[in-house]
Structures are given as structure tokens and as C-alpha cells.
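Descriptive analysis of the structure
Each chain, letter by letter, is given below.
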Amino acid sequence: MKQPPVISLKKICKSFPLEVGGEQQVLFDVSFDINPGEFVAIMGPSGSGKSTCMNIVGALDTASSGIYELYGKDITTMSADELATIRNEYIGFVFQNFNLLSKRNILDNVMLPLMYRGIPMSERISKSREMLKLVGLENFETYLPTQLSGGMKQRVAIARALAGDPKLILADEPTGALDSKMGNEILRFFKKLNKDLGITIIMITHEFEIASYADRILHVYDGRITYDGPVPKNEHVLLKSEKSRKK
Ligand code: ADP
Ligand code: MG
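Computed from a predicted model, the values in this text were never measured in an experiment. (Residues numbered from 1 in each chain as written. Chains lettered and ligands numbered in written order. Predicted model: local features only at pLDDT ≥ 70, side-chain atom pairs only at ≥ 80, totals over all residues. Heavy atoms only, no water.)

1. Some points on the packing of helix α3 (residues 106-116) against helix α5 (residues 150-163)
Note the threshold: Every angle, taken between N-to-C directions, lies between 0 and 180 degrees, and every axis is a line fitted to C-alpha atoms, over only the stretch in contact when it is a helix. Each helix is a run of H or I in the DSSP string that is no shorter than four residues. Each strand is a run of E no shorter than two, and both are numbered from the N terminus. These descriptions rest on fixed angle ranges, namely under 35 degrees for roughly parallel, over 145 for roughly antiparallel, 65 to 115 for roughly perpendicular, and the rest for oblique. Whether a crossing is left-handed or right-handed is set by the direction in which the near helix is turned from the far one by less than a right angle, anticlockwise for left-handed and clockwise for right-handed. Residues are treated as being in contact if the distance between any of their heavy atoms lies within 4.5 Å. Three classes are used, and their members are as follows: Ala, Val, Leu, Ile, Met, Phe, Trp, Tyr, Cys and Pro are nonpolar, Asp, Glu, Lys and Arg are charged, and the others, Gly among them, are polar.
One can describe the packing of α3 onto α5 by two numbers: an axis separation of 8 Å at closest approach and a directional angle of 30°. By the criterion of interaxial angle, the relationship of α3 to α5 is roughly parallel. Crossing hand, α3 versus α5: right-handed. Contacts between α3 and α5 involve I106, N109, V110, P113 and L114 from the first element and V156, A159, R160 and A163 from the second. Per-class residue counts for the contact of α3 with α5 are seven nonpolar, one polar and one charged.

2. So, the pattern of salt bridges
When their charged atoms lie close together, side chains carrying opposite charge are able to pair. Condition: What makes a salt bridge here is a side-chain nitrogen of Lys or Arg within 4 Å of a carboxyl oxygen of Asp or Glu, nothing more. Categorising residues by exposure relies on relative accessible area from a 1.4 Å probe, with only protein chains included: less than 20% of the type maximum marks a residue as buried, more than 50% marks it as exposed, and the intermediate range marks it as partly exposed.
Taken as a whole and assessed by the stated rule, the structure comprises 11 salt bridges. One salt bridge in this structure joins R129 and E141, with 2.9 Å as the shortest N-O distance. Of this pair, R129 sits in helix α4 (residues 121-134) while E141 sits in the loop between α4 and α5; the two residues are 12 residues apart in sequence, bridging distant segments of the chain. Given the relative accessible area of 42%, R129 is considered partly exposed. Judged by its relative accessible area of 18%, E141 is buried. The partner of K191 in a salt bridge is D215, with the nearest N and O atoms 3.3 Å apart. One end of the pair, K191, is in helix α6 (residues 180-197); the other, D215, is in the loop between α7 (208-211) and β9 (216-221), with 24 residues separating them in the sequence. Classification of D215 as partly exposed rests on a relative accessible area of 36%.

3. Focus on the site of ligand 1
Stated precisely, the cut-off is as follows: We call a residue near a given molecule or strand whenever any one of its heavy atoms falls within 4 Å of it. Whenever two N or O atoms come within 3.5 Å, that pair is a polar contact, provided that in protein one can donate a hydrogen and the other can accept it, and provided that, for residues adjacent in sequence, both atoms are side-chain atoms. Throughout, the Shrake-Rupley method with a 1.4 Å probe supplies accessible areas, and for residues the shown protein chains are the sole cover considered.
Every residue lining ligand 1 is accounted for by F16, Q24, V26, P45, S46, G47, S48, G49, K50, S51 and T52. Between ligand 1 and K50, the relevant distance is 2.9 Å, taken from an oxygen atom to a side-chain nitrogen or oxygen of the residue. In the model, an oxygen atom of ligand 1 is placed 2.9 Å from a nitrogen or oxygen of the S51 main chain. Notes on ligand 1: free accessible area 560 Å², of which the protein chains cover 59%. Sorting the residues of the shell around ligand 1 by element identifies β2 (23-34) and α1 (50-57) as the ones contributing at least two each. Take the shell around ligand 1: its biggest share by element is three residues, from α1. Broken down by class, the residue content of the shell around ligand 1 amounts to three nonpolar, seven polar and one charged.

The structure is reproduced here in C-alpha cells:
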């Protein structure tokens with residue numbers, strides 16, 4: 001049987017209340033499906049609504065209207081507790097600033113989310129060691145995050161995301177705090193996770209060069225998807241798609 005899409009957004013709109021009254025609409029009828037094993041970049045200029053979209057996809061926030069199905073489950077109307085369970089079960093997050101606990105060593109950082117899932121200690125340790133090995137940091141488990149380079153910190157964050165056996169990795173500007181050499185290393189690693197382990201990846205970026213590591217680009221402009229397709233030969237195609245909105 002064909003698997004359902006990992007993600008299916010249908011006409012998602014999102015508005016935020018304004019302090020002065022009224023509201024600001026940030027997403028307009030955003031619709032797309034993402035299938036198992038895809039590596040997709042969500043690209044667009046700053047303020048276009050990428051993070052808002054990712055927060056909804058990651059069940060960190062809810063849409064104002066529209067339907068969001070994760071693995072065929074409608075999560076639009078779920079409670080905060082139910083959403084937390086969904087996040088734990090399905091999604092691994094990677095953020096620009098790594099979000100590591102600075103006073104805990106690397107192994108603890110990777111293990112922590114497993115504790116919230118009620119996984120026994122011995123299993124937590126073995127799983128976390130396995131993930132640190134996967135990202136090439138098996139000799140650093142007693143180090144503190146402050147003792148590592150930015151690229152290494154991001155690899156710890158990736159190990160932490162992978163430890164929960166997510167169906168989906170969501171990465172918001174994952175190379176935004178890294179120099180280009182370390183950034184490329186992280187991107188190649190994402191590519192490998194996607195190709196070798198078949199993990200579905202959605203990566204947010206405002207840079208075409210970074211988005212080009214993905215197999216598909218969703219270009220967002222002013223809260224609308226203006227391009228959805230394979231990585232074009234150059235960025236011009238994406239910028240041109242914005243015109244459909246600017247007119
Ligand atoms: P991007 O990630 O593409 O830079 P965002 O999704 O962060 O864009 O923001 C899109 C727009 O939504 C911006 O105008 C931003 O100010 C607004 N916005 C984002 N989050 C909130 C919020 N929690 N409350 C009010 N406005 C927000
Ligand atoms: Mg953002």
C-alpha cells in the first residue's frame with residue numbers, strides 16, 4: 001500500500017494579533033505535500049513566513065485555518081498535550097543556534113529527549129552513543145557544548161534529533177550560525193542522512209546555495225508559495241516567481 005504523505009498542508013492560513021488591534025496575516029492558503037524520503041528546502045527572504053510555516057509543520061504552533069495532516073492524521077484540532085506527543089513521536093528539530101544545554105555534557109544533551117519519552121536509562125545511553133558515533137563525535141561524550149566548534153555543536157543537535165527515531169527532521173536555518181566550511185559539512189551530512197537512511201528532511205534557508213542541497217524547493221514570498229519544484233539552474237527562476245505576487 002502506498003504510504004500517506006509525511007506532511008499534507010491544505011490551504012493553511014496564519015494570522016497573528018497586532019498589539020494595536022486587528023491582526024496581521026502571515027500565511028495565505030499554503031498547500032503542499034511532502035512524501036517519505038524527500039529532502040525539501042523552504043526558501044524565501046527574511047520575514048516571508050518560513051519560520052511560521054515550520055512552527056506549524058513542527059506542531060509548535062497551530063494554523064488559523066486550513067488542514068494539516070501528519071502521516072494521514074489530522075492534527076489541526078489537537079490539544080497542546082496531543083501535539084507534544086506528536087512532536088515527540090514523529091519530529092526531530094534542528095535550530096540555527098543549536099539549543100544545547102550548556103552545563104550538560106554532550107551525551108546528556110542527546111539523552112535528554114529520550115528521558116521525556118520514558119525510555120529506560122540503559123537504552124537511552126546505548127542509543128545516544130550510537131547517534132554520537134553516527135555524527136562522528138563518539139570520542140567527545142564527556143565534553144561540554146562550550147568546548148566544541150559550531151559545526152560540532154550542530155552535529156550534537158542532529159544526534160539529539162535522530163535519537164528519537166524521527167520520521168521527519170525539521171531544520172530552521174541549520175547553517176545560519178556556521179562558517180561556510182562547517183555549514184557545507186552539515187549540509188553534506190543531511191544529504192547523507194536523507195540518501196542513506198531515507199530520512200525525510202525539511203530545511204529552511206534564505207540562501208539559494210544552501211537550498212540547492214535539497215531535491216525540491218518551496219519558495220515562499222509574502223506568505224505564499226510562489227514556486228514548488230526541483231532546484232532550478234539559478235536563483236533567477238525563484239526571484240521571478242515572486243513577481244506573480246508583486247503584480
Ligand atoms: P521568516 O522565518 O521567513 O523570516 P517569520 O515566519 O519569522 O519569517 O515571520 C513572518 C512574519 O510574521 C513577520 O512579519 C513576523 O514579524 C511575523 N511574526 C512571526 N511570528 C510572530 C508572532 N509570534 N507574533 C506576531 N507576529 C509574528
Ligand atoms: Mg525564520
